[in-house]
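One letter stands for each residue in the lines below.
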Amino acid sequence: MAHDTHIHVRSKAEFEYAKKKRADEMRGHLATFAIMIFLTLIAFTMVAAGFSAYLIVPIILLLAGIQVILQLYYFMHMSGKGHGMVAFFMFCGMFVAFITVLALVTIVWW
Amino acid sequence: MDINQRYTPQSWPEHPETATMEGKNKFIGFWLLLAAETVTFASLFATYLALKDKGPSGMEFSAAGLFELPLVFAMTMILLTSSLTSVYAMYHMKNHNFKAMQAWLGITVLLGATFLGLEIYEFNHYVHLGFGYTNSAFSSAFYTLVGTHGAHVLFGLSWFIALMLRNAKRGLNMYNAPKFYLASLYWHFIDVVWVFIFTVVYLMGVIG
């Protein structure tokens, strides 16, 4: 294992730059977390407030979708480089997932 | 190259999880697993949606009458926070700060264990009400979906604990960096599934 790895000791400037970039990224993750908490609060508040189901259901599903995109692209770094194959796998999985849910929900509907 | 090669923050690569061939292979294989898990959970969600509030017996229990939001809200916040703490752990992994990473993983494990405890409490509460696994098609579908998620939480916790103990004296190296990274990806995926569980099962269940 690890036969293709060589150790590259970074210069001080390179190291400081990479460190700062990671710290910036971490601040971005904190902002993402705040947005996720906010979306969750909206979803729970809407249900607790007792709006019409026809209004709530599409909105909370949309909020869940946004939260999952934030989780995948930022917390799981799918927005980073070298995630092309990863995106292909996940989109295929999501496509099959969508068809599965659609099929079973419509079977009981009719 | 020796797998136990020591690194300093200066020599630690920017992406240690994919810096070796083994790391790259693990990374791609693990994402393929997550895509397959997406399909697994979709089939359980689809089954739940098709059988929600269906009998043939045990119809006295419905989603609208059974679920209580305060507990689910607490569980959601705990799991979401544990997702952030594992992000912090990976931030320190990339900084090559082993102790900080272990500490954040420890917090993640504590939060995850709290979540699991609340879920066990919830299931126990339902069973005492008479809403058991074999009560109705609805109950079986509910316990299978939420229980499979709970089993993933348990597996994720065991994985974190095993990694933390096994590597406690090793410190961070190219051999275990991909392992920590994948466990944290798994933990985020558990949170992704929970987002749909609290939305589709609990919130949409309470609406009726």
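Every value quoted in this text rests on a predicted model; they were computed, and no experiment measured them.

Student: Mind showing me how you'd approach empty space enclosed by the protein here?
Tutor: In this approach the atoms are scanned with a rolling probe the size of a water molecule, which exposes any empty space left behind. Under the defined criterion, the tally for this structure stands at two cavities of 30 Å³ or more. What the largest cavity holds in volume is close to 80 Å³. Lining the largest cavity are Arg22, Glu25, Met26, His29 and His77 of chain A together with Val87, Met90, Tyr91 and Lys94 of chain B. For the lining of the largest cavity, the elements supplying multiple residues, two or more each, are helix H1 (12-49) of chain A together with helix H3 (69-94) of chain B. Residues belonging to the lining of the largest cavity are distributed by class as follows: four nonpolar, two polar and three charged. In terms of lining residues, the second largest cavity is bounded by Leu39, Thr40, Ala43, Ile60, Leu63, Ala64 and Gln67 of chain A together with Phe198 and Thr199 of chain B. At the level of secondary structure, the elements contributing two or more residues to the lining of the second largest cavity comprise H1 and helix H2 (53-75) of chain A together with helix H6 (177-207) of chain B. With four residues, H2 of chain A is the single largest residue contributor to the lining of the second largest cavity. Tallied by class, residues from the lining of the second largest cavity come to six nonpolar, three polar and no charged.

Student: When you look at the interface of chain A and chain B in this model, what are you seeing that I'm missing?
Tutor: Interfaces are often sized by the amount of accessible area the parts lose when they come together. The interface of chain A with chain B comprises 53 residues on the first partner and 58 residues on the second. For the pair chain A and chain B, the two sides together bury roughly 5,200 Å², of which 79% comes from carbon and sulfur. Ionic pairing is found between Glu14 of chain B and Lys21 of chain A, a salt bridge with its closest N-O pair at 3.1 Å. One can count nine residue pairs in polar contact (both at pLDDT 80 or more) joining chain A with chain B. Of all the secondary structure elements, the ones that give two or more residues to the side of chain A that touches chain B are H1, H2 and helix H3 (84-109) of chain A. Of the residues forming the side of chain A that touches chain B, the biggest block, 16 residues, is contributed by H1 of chain A.

Student: In this structure, what is going on with unusual backbone geometry? I would like to understand it.
Tutor: Comment: phi is negative for the bulk of residues other than glycine, and the bulk of peptide bonds are trans. Cis geometry marks the peptide bond from Gly55 of chain B to Pro56 of chain B, where omega comes out at 10 degrees. Among the structural elements, Pro56 of chain B can be located in the loop between helix H1 (21-51) and helix H2 (63-66). For His77 of chain A, which is not glycine, the phi dihedral falls at a positive 60 degrees. As for its placement among the helices and strands, His77 of chain A is situated in the loop between H2 and H3. Judged by relative accessible area, His77 of chain A falls into the buried class, the value being 15%. In this structure, His96 of chain B is a non-glycine residue whose phi angle is positive, near 55 degrees. Among the secondary structure elements, His96 of chain B is positioned in the loop between H3 and helix H4 (98-129).

Student: Looking at this structure, I do not really get the confidence of the model for chain B. What am I missing?
Tutor: Caution applies to low-pLDDT regions: their predicted coordinates should not be interpreted in detail. Mean pLDDT over chain B: 94, with 99% of residues reaching 70 or higher. Both confidence scores are given for the complex: pTM 0.94, ipTM 0.90.

Student: Would you mind showing me how to read the nonpolar core here?
Tutor: Here is a general trend for soluble globular proteins: nonpolar side chains tend to be buried in one another's company. Trp31, Phe67, Phe142, Trp194 and Tyr202 of chain B are the most contacted members of the largest nonpolar core, which has 97 residues in total. At 21 residues, the largest contribution of residues to this core is made by H6 of chain B. Residue contributions to this core reach at least three from each of two domains, namely domain 1 (9-79) and domain 2 (81-110) of chain A. When neighbours within four sequence positions are excluded, Tyr202 of chain B is seen to be in contact with Phe67, Leu69, Val72, Glu122, Tyr126, Phe142, Val146, Trp194 and Ile197 of chain B.

Student: Sorry if this is basic, but what is going on with the packing of aromatic side chains here?
Tutor: To describe a pair of aromatic rings, you give the distance between the ring centres and the angle between the ring planes. Residues and elements named next belong to chain B. Taken as a whole and judged by the stated rule, the model has 31 aromatic pairs over all chains. Relative to Tyr126, the ring of Phe67 lies with its centre 6.1 Å away and its plane at 50 degrees, an arrangement referred to as tilted. With Phe67 in the loop between H2 and H3 and Tyr126 in helix H4, the pair connects residues that are 59 residues apart, well separated along the chain. In this structure Phe67 comes out as buried when scored by relative accessible area, which is 5%. On the accessibility criterion, Tyr126 (3% relative accessible area) is buried.

Student: What's the story with the layout of surface pockets in this structure? I'm lost.
Tutor: What the largest pocket holds in volume is close to 750 Å³. At the level of secondary structure, the elements contributing two or more residues to the lining of the largest pocket comprise H2 and H3 of chain A together with H1 and H6 of chain B. A per-element tally of the lining of the largest pocket places H3 of chain A first, with eight residues. When its residues are assigned to classes, the lining of the largest pocket shows 23 nonpolar, two polar and one charged. Looking at which domains feed residues into the lining of the largest pocket, each of domain 1 (9-79) and domain 2 (81-110) of chain A gives three or more.

Student: Explanation requested: the domain arrangement of chain A in the structure shown.
Tutor: Residues and elements named next belong to chain A. Here the domain parsing of chain A yields domain 1 (9-79) and domain 2 (81-110). Placing the centre of domain 1 and that of domain 2 at their C-alpha centroids yields a distance of 22 Å. Taken together, the six residues of domain 1 in the interface contact seven residues of domain 2. For the domain 1 and domain 2 pair, buried surface summed over both sides reaches about 420 Å², with 73% attributable to carbon and sulfur atoms. Connecting domain 1 to domain 2 are zero salt bridges. Counting the contacts that link domain 1 with domain 2 gives one residue pair in polar contact (both at pLDDT 80 or more). Taken together, the residues that form the side of domain 1 that touches domain 2 break down as four nonpolar, two polar and no charged.

Definitions and cut-offs
- Residues numbered from 1 in each chain as written.
- Chains lettered and ligands numbered in written order.
- Predicted model: local features only at pLDDT ≥ 70, side-chain atom pairs only at ≥ 80, totals over all residues.
- Heavy atoms only, no water.
- 1 Å grid on protein atoms, 1.4 Å probe; cavity = no way out; pocket = protein on both sides within 12 Å on 5 of 7 lines; lining within 4 Å.
- Points joined across faces, edges and corners; volume = space filled by probe spheres on them.
- Helix = DSSP H or I, 4+ residues; strand = E, 2+ residues; numbered from the N terminus.
- Nonpolar A, V, L, I, M, F, W, Y, C, P; charged D, E, K, R; others polar.
- Contact = heavy atoms within 4.5 Å.
- Buried area = accessible area lost by both parts, 1.4 Å probe.
- Salt bridge = Lys/Arg side-chain N within 4 Å of Asp/Glu carboxyl O.
- Polar contact = N/O pair within 3.5 Å; in protein donor to acceptor, adjacent residues only side chain to side chain.
- Buried < 20%, exposed > 50% of the residue type's maximum accessible area, 1.4 Å probe, protein only.
- pLDDT = per-residue confidence, 0-100.
- Core = buried A, V, L, I, M, F, W, Y, C linked by side-chain atoms within 4.5 Å.
- Domains from an automatic or database assignment.
- Phe/Tyr/Trp six-rings, centres within 6.5 Å; stacked < 30°, edge-to-face > 60°.

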